[in-house]
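Chain by chain, the residues:
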Amino acid sequence: MSLKTVLVAGASRGIGLAVAEHFVGQCDRLWAVSRTAAPVGEWVQADLSNLAGIGTVVEAIGNDSLDGLLYMGGTWETHAFTSQYRFETCADEDLVRVITVNLLAPMRLVKALLPALRRSDNPKIIFMGSLSGRDNYPGREVANSASKFGLRGVVHSLREELRSEQIGVTVINPGNVGTPEVMADLAADNLVGGAAIPLSDLLCIIECVLSLSRSTCIKEIDVPAMLGDGA
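Predicted model, so just to flag it, every value in this text is computed and none were measured. (Residues numbered from 1 in each chain as written. Predicted model: local features only at pLDDT ≥ 70, side-chain atom pairs only at ≥ 80, totals over all residues. Heavy atoms only, no water.)

Comments concerning the state of the cysteines
Counted only if it meets this: The disulfide criterion used throughout: a pair of cysteine sulfur atoms within 2.5 Å. The classification of residues rests on relative accessible area computed with a 1.4 Å probe and restricted to protein chains. Under 20% of the type maximum is buried, over 50% is exposed, and intermediate values are partly exposed.
Counting across every chain of the model gives 0 disulfides. Unpaired in terms of disulfides, cysteine 27 finds its nearest cysteine sulfur in cysteine 204, a separation of 17 Å. Cysteine 208 provides the cysteine sulfur closest to cysteine 204, a residue in no disulfide bond, and the two sulfurs are 9.1 Å apart. A relative accessible area of 52% places cysteine 204 in the exposed class.

In structure tokens:
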């Protein structure tokens, strides 16, 4: 795999932090984008839920090329994935925030960074989706599910829009992923969805997608845990 430049959005914790830690030693330059400090790579402090944050990222990249745009950030409603979740008690601010961060922000970021992606010899875009965005998945979190369904639509449309330029666009849809936070919640019985996939497996999948040539398109990858919901 030949990677020179990678951007990881949501790099301060969870999946995004793990992805940044995994790839920082495999590329010449890694931008770690987040609101709070990211401990690896070149931290770009930016809130991607607004256009000012998108502009900050564009300014940080400047005239460099971008081999991998990895949008690993995400959020969900208060009490999501717990027995306490109730849609009718969700604040409107909760609903707007989830749609903005999970759906609008990645669209805006890709649009803004297309010039940098075009400068790459093998550009890839990877979104972190969720099984919540798949048909017949028993998720109750309305805004989160809507955003993840929408993200799949973004990928399918971008694939057609960027096909002639051979810019790969992929969405990965996992169930629970074994980050330290998720494993702690599962151990305390504070999280629904069943068993988690190992974090190392998800990193292998991302690495595989990034290593493919421009001749291959991977649209979606669903990754349920063998003993989890959605398998």
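Focus on helix α4 (residues 142-162)
Our working definition: To qualify as a helix, a DSSP run of H or I must reach at least 4 residues; to qualify as a strand, a run of E must reach at least 2; elements of each kind are numbered from the N terminus. For a helix, the expected span equals 1.5 Å multiplied by the residue count minus one. In this description, contact between two residues means that some pair of their heavy atoms is separated by no more than 4.5 Å.
When the terminal C-alpha atoms of α4 are compared, their 30 Å separation across 21 residues agrees well with the 30 Å that a helix rising 1.5 Å per residue should span. If you follow the buried residues of α4, they end up packed against α3 (92-118), β5 (124-128), β6 (168-174) and β7 (220-223).

Side note on the pattern of salt bridges
Where side chains of opposite charge bring their charged atoms close, a pairing between them can arise. Threshold: The working definition used for a salt bridge is a side-chain nitrogen of Lys or Arg within 4 Å of a carboxyl oxygen of Asp or Glu.
Using the criterion set out here, one finds 9 salt bridges in the structure. Residue glutamate 42 pairs with arginine 29 through a salt bridge whose shortest N-O separation is 2.8 Å. Highlighted residues: glutamate 42 in strand β3 (residues 42-45) and arginine 29 in strand β2 (residues 29-34), separated in sequence by 13 residues. You can call arginine 29 partly exposed: its relative accessible area is 28%. The salt bridge involving arginine 152 is made with glutamate 220; its shortest N-O contact spans 2.8 Å. Note that arginine 152 is positioned in helix α4 and glutamate 220 in strand β7, a separation of 68 residues in sequence. On the basis of relative accessible area, arginine 152 is assigned to the buried category, the value being 15%. You can call glutamate 220 partly exposed: its relative accessible area is 23%. Overlapping salt bridges bring together Arg134, Arg152, Glu220 and Asp222 as one network.

As for the packing of α3 against α4
To be explicit about the condition: To get an axis, fit a line to the C-alpha atoms, keeping to the stretch in contact for a helix; angles then go from 0 to 180 degrees between the N-to-C directions. Under this scheme an angle from 65 to 115 degrees is roughly perpendicular, one under 35 degrees roughly parallel, and one over 145 degrees roughly antiparallel; angles in between are oblique. Two helices that cross are described as forming a left-handed crossing if the nearer one is turned anticlockwise from the farther one by less than a right angle, and a right-handed crossing if clockwise. Classification convention: Asp, Glu, Lys, Arg as charged; Ala, Val, Leu, Ile, Met, Phe, Trp, Tyr, Cys, Pro as nonpolar; all other residues, Gly among them, as polar.
Contact pair α3 / α4: the axes reach a minimum separation of 8 Å and the direction vectors enclose 15°. Here α4 runs roughly parallel to α3, going by the angle between their axes. Remark: the crossing between α3 and α4 carries right-handed chirality. On α4, the residues touching Leu95, Val98, Ile99, Asn102, Leu103, Pro106, Met107, Val110 and Leu114 of α3 are Ala143, Asn144, Ala146, Ser147, Lys148, Gly150, Leu151, Val154, Leu158 and Leu162. A breakdown of the residues in the contact of α3 with α4 according to their chemical character gives 14 nonpolar, 4 polar and 1 charged.

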